[in-house]
Amino acid sequence: MPEATIHRIGGESEEDADAALLELWTQYVADRAPGLRDRLILHYAPLVKYVAGRVGSGLPAHVEQADLVSYGTFGLIDAITRYQPSREVKFESYAMARIRGAIIDELRSTDWIPRSVRMRARQFERTVAALENQLRRSPTDEEIAAAMEMDVEEVRKFLGQLSLVNVVALDELLTDDDGGAPRLVDTLRDANALDPQAMAEHGEARQLLARAVEQLPEREKVVVSLYYFEGLTLADIGRVLGVTESRICQLHTKAVLHLRTKLVDIA
């Protein structure tokens, strides 16, 4: 393809650009040269972004726009390869259908949810919306089952399947009130993380308990310390203090009662 023709495709004159594009198509159909095909791909690349944007508007946020463009590019290549200008079908219309088909086919091939489940999910959503409009309230499982001509157990089983249909990416950005953009994963609760409020309450309770223990009589204080902080048994404490286990049990009971009273007074 002559270099001058390449520059005319994006030129200032619309008529010249159309003529150059027609010449490019004529040459490509004649010899199917890869270089000519690449020029056509670059020229029609905006079509891919347009179709990908329209398809992506109805998809979950975790589906990357760049992936859709990548899928659609294969559809554009296929359209350029198969297109016959002699049929007098506008290439843009033909290509948009091929691009959209390529994107949808690739999305389906990478989808782990059976197509029948997704179709049933759309049917379920339409049924629930219709019942809500009719009843002016949320429908029961029995009412949904009747409308979908299913058993109640089938509906409940299907609801379990629906829980797998909608997914979100943990790195999806959210928008908070301050205009920031935290990730979804940052909002999930960490079961292993320490709760600041619980830590504060626990620390305050330890301080109150320590103050209450300090006010116990000396022997009761020793029993509490050895039993709860040193891990000794009542029998071991009895041997340490030289008294019977039953006496230590009495001291322990008295200490607990005193602590309860003092903690109530402190609180």
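The rules behind each value
Residues numbered from 1 in each chain as written. Predicted model: local features only at pLDDT ≥ 70, side-chain atom pairs only at ≥ 80, totals over all residues. Heavy atoms only, no water. Helix = DSSP H or I, 4+ residues; strand = E, 2+ residues; numbered from the N terminus. Buried < 20%, exposed > 50% of the residue type's maximum accessible area, 1.4 Å probe, protein only. Contact = heavy atoms within 4.5 Å. Areas by Shrake-Rupley, 256 points an atom, 1.4 Å probe, with all protein chains shown as cover. Salt bridge = Lys/Arg side-chain N within 4 Å of Asp/Glu carboxyl O. UniProt positions renumbered as here; feature names shortened; annotations may be inferred. Axes fitted to C-alpha atoms, helices over the stretch in contact; angles between N-to-C directions. Parallel < 35°, antiparallel > 145°, perpendicular 65-115°, else oblique. Left-handed = near helix turned anticlockwise from the far one by under 90°. Nonpolar A, V, L, I, M, F, W, Y, C, P; charged D, E, K, R; others polar. Phe/Tyr/Trp six-rings, centres within 6.5 Å; stacked < 30°, edge-to-face > 60°. Expected span 1.5 Å × (residues − 1). Arc of directions from axis to C-beta.

Enquirer: I'd love a proper account of the overall build of the protein, names of residues and values included.
Expert: Helix and strand counts for the protein stand at 12 helices and zero strands. Of the regular secondary structure in the protein, the N- to C-terminal order runs α-α-α-α-α-α-α-α-α-α-α-α. A burial count over the protein gives 24% of its 267 residues as buried. Restricting to contacts in the protein with at least 6 residues of sequence separation, those with at least 24 account for 48%. Summed over all atoms, the accessible surface of the protein reaches about 18300 Å², with 52% contributed by carbon and sulfur.

Enquirer: Can you tell me about the side chain of Lys 221, naming the residues and giving the values?
Expert: Position of Lys 221 relative to the elements: it lies in helix 10 (residues 218–229). Taking the relative accessible area as the measure of exposure, Lys 221 reaches 18% and is therefore buried. Excluding residues that lie within four positions of it along the chain, Lys 221 makes contacts with Val 213, Glu 214 and Leu 216.

Enquirer: Account for the pattern of salt bridges, naming residues and giving values.
Expert: Considering all chains together, one arrives at eight salt bridges under this definition. A salt bridge links Arg 37 to Asp 38, with the nearest nitrogen and oxygen atoms 3.5 Å apart. The class of Asp 38 is partly exposed, set by a relative accessible area of 37%. Residues Arg 137 and Glu 143 are paired through a salt bridge, measuring 2.6 Å at the closest nitrogen-oxygen approach. In this structure, a network of salt bridges that share partners links the residues Asp 78, Arg 82 and Arg 98.

Enquirer: Requested: an account of the UniProt feature "domain: RNA polymerase sigma-70" (unreviewed entry) in the protein, with residues and values cited.
Expert: With numbering matched to this structure, UniProt assigns "domain: RNA polymerase sigma-70" (unreviewed entry) to residues 67–80 and 233–259. Across residues 233–259, helical content stands at 85% and strand content at 0%; the span's end C-alpha atoms are separated by 20 Å.

Enquirer: Hey, could you go over the packing of helix 3 (residues 34–56) against helix 5 (residues 91–109) for me, with residue numbers and the actual values?
Expert: Close contact between helix 3 and helix 5 brings their axes to 10 Å; oriented N to C, the two are set at 50°. When the axes of helix 3 and helix 5 are compared, the pair comes out oblique. The chirality of how helix 3 crosses helix 5 is right-handed. Residues Tyr 44, Leu 47, Val 48, Tyr 50, Val 51, Ala 52 and Val 55 of helix 3 lie in contact with helix 5, whose contacting residues are Phe 91, Glu 92, Ala 95, Met 96, Ile 99, Arg 100 and Ile 103. Residues of the contact of helix 3 with helix 5, tallied by class, amount to 12 nonpolar, no polar and two charged.

Enquirer: Break down the packing of aromatic side chains for me, citing the residues and quoting the values.
Expert: Aromatic ring pairs are defined here through the distance separating the ring centres and the angle between the ring planes. For the structure on display, the rule yields eight aromatic pairs. Each ring, one from Trp 25 and one from Tyr 83, has its centre 5.0 Å from the other, and the planes form 65°; the classification is edge-to-face. Here Tyr 83 lies in the loop between helix 4 (65–82) and helix 5 and Trp 25 lies in helix 2 (residues 14–31), a separation of 58 residues in the sequence. Judged by centre distance (5.0 Å) and plane angle (70°), the ring pair of Tyr 83 and Phe 91 falls under edge-to-face. No difference in accessibility class separates Tyr 83 from Phe 91, as the two residues are buried. Here the aromatic residues Trp 25, Tyr 28, Tyr 44, Tyr 83, Phe 91 and Tyr 94 are joined through ring pairs into a cluster of three or more.

Enquirer: Could you give an account of unusual backbone geometry, naming the residues involved and the relevant values?
Expert: In this structure, Arg 32 is a non-glycine residue whose phi angle is positive, near 55°. The phi dihedral of Arg 136 is positive, around 65°, even though this residue is not glycine. Note on Arg 136: relative accessible area 71%, which makes it exposed.

Enquirer: Report on helix 2, specifying residues and quantitative values.
Expert: Compared with the 26 Å implied by 1.5 Å per residue over 18 residues, the 26 Å span of helix 2 between its first and last C-alpha is a close match. Taken together, the buried positions of helix 2 are Ala 17, Ala 20, Leu 21, Leu 24, Trp 25 and Tyr 28. Around the axis of helix 2, the buried residues are gathered within 140° of arc, so they sit on the same side. Those residues of helix 2 that are exposed and aimed more than 90 degrees away from the buried face are Glu 15, Leu 22, Thr 26 and Ala 30. At the C-terminal side of helix 2, Arg 32 shows a positive phi close to 55°.

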